[in-house]
Amino acid sequence: MLTTPIYLDNNATTPMDPRVLEAMLPYFTQKFGNAASRNHPFGWVAEEAVDYAREQVAKLIGASEKEIIFTSGATESDNLAIKGVYEMYKDKGNHIITLTTEHKAVLDTCKHLEKLGAQVTYLEVESDGLLDLQKLEAAMTPQTILVSVMYGNNEIGVIQPIKEISAIAHKHGALFFSDATQAVGKIPVNVNEDGIDLMAFTGHKMYGPKGVGALYVRRKNPRVKVTSQMDGGGHERGMRSGTLNVPGIVGFGKACELCQLEMEQDAKRLSALRDKLENSLLELEESYVNGNKQNRLPHTTNISFKYVEGEGLMMAMKDMAVSSGSACTSASLEPSYVLKNLGLSDDLAHSSIRFGLGRFTTEEEVDFAIENTKKAVNHLRELSPLWEMFKEGIDLDSIEWAEH
Amino acid sequence: MAYSDKVIDHYSNPRNVGTLDKSKKNVGTGLVGAPECGDVMRLQIEVDENNIITDAKFKTFGCGSAIASSSLATEWLKGKSIDDAITIDNMDIVEELALPPVKIHCSVLAEDAIKSAINDYRVKNGLPALELEKSHH
């Protein structure tokens, strides 16, 4: 039976897998020790659990457990990677290259470093969301110490050519960092095959708990170091002080293990469901997929329904949780910067909806979403003066709109 | 952000959706907003020989609050004289729909649409357009 509301916003966060919760529970009450307590069994039990989780996490990305630094989540990992590399290597150079479509945790960290003397190049992506490698090649300088490119985009799901990007970074002697928050656990990610030196990811996007994430920091070829951003007890090989969140880490580890076991079948099932959803919705006139459709996360689609506004549309899509590139508030009338960077006009960006499927999404839910979305789009188009004008053959660009 | 019951009511059952014949002399049309800003309202009034608004229709591209604001505006306009209609203030709409601060611009847009429709009617009928204060939102 279908229970509403249905959840199709798995790029924002995922529900925790009950198996993850089960693994975590003992570490709240019985096995509550501090993993840094070296002198009694409570500490040993906690440390053992953390070690095991570190292996589970490392294995999922093809790393060694010594290369995993536990953090509070991807935002902290992004900060630690970028600021930490800048501080450690700034004598070598002060240039960082990133993309305009990165997550705010990367962009705002780079902006922060600009105030401290860093030079940052924000490369624009192509209209399909992918980076043109020649642009990266052209932007590299002897001063470049870090290239930061996300693995899979949170809004449109496009997957960047990571191997090629890391190769260019390395050729010029720079390190390569990837925010892989949306990709790890969804598609195979291997830090060695992909040539990744640092990588951020988090538990709650892969059916694990919130408040726990990791930064992968390469130990060999090259040995990468980051300056810690928090002073204290010198946990996590001195790179991230603070008492370890043992239950969270245990859950994160379990979530990684489950992803490793089930990713392939999940991805297959979800991409079929996503395609069904997408193809059905594209039957609506004047609807367009945003971003490259070939190189894309299996569970994500982002569609613009022209002549209806996203926030209004979400309200009409009753009993469904999705996300829109439109934010109609006085604080921010700006539509999604990611979509705008693809070259989408503001009105198309305002008309976009992101659907994010997940491990617990059923076909029945997708069928419901298709019907519900179609009904909502048609309803709002009946209300839309722009749709009426379009139907009358009026060119909307020929109208002088009262800017406000 | 949760919507008020009145916004949801107007949004789910919008009143007076539609189009009046804008070529008619006694129909005034206001088209305000811009697609790039995420909201466009078209509000139309039909006025009888006694300057009473006998019909009002709207179509809106925008969020739920924008749709509700214009739906409410058409309800209020019907039966009013154009002189009374021009006094409708956006804050009346804010109050009636319990709009939160971030949605006040929707009510401002509705007020602009009313005034713009009335002016269109006035100009068509040889009356001078009313000076409108420029609103910011």
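Everything below is about the structure shown above.
Per-chain numbering applies: the sequence of each chain, read as written, is numbered from 1 onward. Each chain is given a letter, starting from A, and each ligand a number, starting from 1, according to the order in which they appear as written. Reporting in this predicted model follows two pLDDT cut-offs: at least 70 for local features of residues, and 80 or more for side-chain atom pairs to be given and counted; totals over whole chains, interfaces and linings ignore these cut-offs and use all residues. For the side-chain quantities, the full set of heavy atoms in the structure was used; hydrogens and water were omitted.

Caption draft 1: Structural view of the nonpolar core. The set of buried Ala, Val, Leu, Ile, Met, Phe, Trp, Tyr and Cys residues whose side-chain atoms join them within 4.5 Å is what this entry labels a nonpolar core. A 1.4 Å probe rolled over the protein chains alone gives each residue an accessible area, and that area as a share of the maximum for its type sets the label: buried under 20%, exposed over 50%, partly exposed in between. By size, the foremost hydrophobic cluster in this structure holds 63 residues, and its most contacted members are Met 199 and Phe 201 of chain A. Contact criterion: two residues are considered in contact whenever any of their non-hydrogen atoms come within 4.5 Å of each other. The residues touching Met 199 of chain A, leaving out its near neighbours within four places in the chain, are Ile 61, Phe 177, Ser 178, Ala 180, Val 184, Val 189, Val 191, Ala 214, Leu 215 and Tyr 216 of chain A. Formed by 59 residues, the second largest nonpolar core is a distinct cluster that contains Leu 8, Met 320 and Phe 355 of chain A together with Leu 77 of chain B.

Caption draft 2: Focus on a negative patch on the surface. All names here are of chain A. By definition, no residue in a patch forms a salt bridge, and every one has over 30% relative accessible area; like charges are joined within 9 Å, nonpolar side chains (Val, Leu, Ile, Met, Phe, Trp, Tyr) within 5 Å. The protein chains shown are the only cover counted for residues, whose accessible areas, like all others here, come from Shrake-Rupley with a 1.4 Å probe. Take a side-chain nitrogen of Lys or Arg and a carboxyl oxygen of Asp or Glu: if they are within 4 Å of each other, that pair is a salt bridge. The convention is simple: Lys and Arg are positive, Asp and Glu are negative, and His and the chain ends are not counted. Throughout, a charge is located at the NZ atom of Lys, the CZ atom of Arg, the CG atom of Asp or the CD atom of Glu. Taken together, Glu 48, Asp 51, Glu 55 and Glu 65 make up a surface patch of like negative charges. Tracing the chain through its elements places Asp 51 in helix α3 (residues 41–60). Look at Asp 51 and you get partly exposed, because its relative accessible area is 37%. Note on conventions: DSSP H or I runs of at least 4 residues are helices, E runs of at least 2 residues are strands, and numbering of each starts at the N terminus.

Caption draft 3: Just the pattern of salt bridges, in detail. All names here are of chain A. Throughout the structure, instances matching the rule amount to 31 salt bridges over all chains. As a salt-bridge pair, Glu 47 and Arg 38 come within 3.4 Å of each other at their nearest N and O atoms. Accessibility expressed as a relative area gives 55% for Arg 38, which makes it exposed. Note that Glu 76 is salt-bridged to Arg 240, the shortest N-O span being 2.6 Å. Here Glu 76 is found in helix α4 (residues 74–89), whereas its partner Arg 240 is found in the loop between β8 (213–217) and α8 (246–281), with 164 residues between them in sequence.

Caption draft 4: Here's a closer look at empty space enclosed by the protein. Residue and element names in this part refer to chain A. Note on definitions: the grid is 1 Å and covers protein atoms alone; a cavity is a set of points where a 1.4 Å probe fits but cannot get out; a pocket is an open set with protein on both sides within 12 Å along at least five of seven lines; lining residues have an atom within 4 Å of a point. Grid points are joined across faces, edges and corners, and a volume is the space filled by probe spheres set on the points. Throughout the structure, instances matching the rule amount to three cavities of 30 Å³ or more. By volume, the largest cavity amounts to about 60 Å³. Along its surface, the largest cavity is lined by Gly 185, Lys 186, Tyr 207, Met 263, Asp 266, Ala 267, Leu 270, Pro 298 and His 299. Only Asp, Glu, Lys and Arg are considered charged, only Ala, Val, Leu, Ile, Met, Phe, Trp, Tyr, Cys and Pro nonpolar, and every remaining residue, Gly among them, polar. Split by residue class, the lining of the largest cavity holds five nonpolar, two polar and two charged. Annotation comment: domain bounds sourced from an automatic or database domain assignment. Counting contributing residues, the lining of the largest cavity receives three or more from each of domain 1 (6–11 + 263–394) and domain 2 (18–258).

Caption draft 5: Spatial organisation of the packing of helix α2 (residues 64–77) of chain B against helix α5 (residues 104–124) of chain B. Residues and elements named next belong to chain B. Angles shown run from 0 to 180 degrees and are taken between the N-to-C directions of axes, each axis being a line fitted to C-alpha atoms and, for helices, limited to the stretch in contact. Following both chains from N to C, one finds α2 and α5 inclined at 40°, their axes separated by 9 Å at the closest point. Our classification of the angle between α2 and α5 gives oblique. Regarding α2 and α5, the two cross each other, and that crossing is right-handed. Between α2 and α5, the residues in contact are Ser 65, Ala 66, Ser 69, Ala 73 and Leu 77 and Cys 106, Ser 107, Ala 110 and Ile 114, respectively. Counted by class, the contact of α2 with α5 contains six nonpolar, three polar and no charged residues. Note that the term roughly parallel is reserved for angles under 35 degrees, roughly antiparallel for angles over 145, roughly perpendicular for angles of 65 to 115, and oblique for everything else. By definition, turning the near helix anticlockwise from the far helix through less than a right angle yields a left-handed crossing, and turning it clockwise yields a right-handed one.

Caption draft 6: Focus on the sheet that holds strand β13 (residues 352–356) of chain A. All names here are of chain A. Two strands pair under a simple rule: DSSP has to find at least two bridges between them. Strand order in this open sheet of four strands is β9-β10-β13-β12, and the pairing throughout is antiparallel. Edge positions in the sheet fall to β9 (287–289) and β12 (323–324), since each has one partner strand and no second. Bridge count between β9 and strand β10 (residues 300–305): three bridges; the pairing is antiparallel. Opposite Tyr 288, over in β10, you have Ser 304 as the bridge partner. On top of the sheet, α8 reaches β9, β10 and β13; it is set at about 10° to β10, its chief contact.

Caption draft 7: Fine view of the interface of chain B and chain A. Between chain B and chain A, the contact holds 31 residues from the first and 31 residues from the second. Note: buried area is the sum, over both parts, of the accessible area (probe 1.4 Å) each one loses when the two are combined. The junction of chain B with chain A conceals about 2,900 Å² of combined surface from both sides, 65% of it contributed by carbon and sulfur atoms. Across the contact surface, chain B and chain A share three salt bridges. Here Glu 388 of chain A makes a salt bridge to Arg 42 of chain B, at a shortest N to O gap of 2.7 Å. Two N or O atoms form a polar contact when they lie within 3.5 Å of each other; inside protein one atom must be a possible hydrogen donor and the other a possible acceptor, and for residues adjacent in sequence the pair counts only when both atoms belong to side chains. Across the chain B-chain A interface, the total number found is 11 residue pairs in polar contact (both at pLDDT 80 or more). Listed by contribution, the elements that provide at least two residues to the side of chain B that touches chain A are α1 (5–12), β1 (27–34), β2 (39–47), β3 (53–61), α2 and α5 of chain B. Considering each element in turn, the side of chain B that touches chain A owes the most residues, four residues, to α1 of chain B. Across the side of chain B that touches chain A, the residue classes break down as 17 nonpolar, nine polar and five charged.

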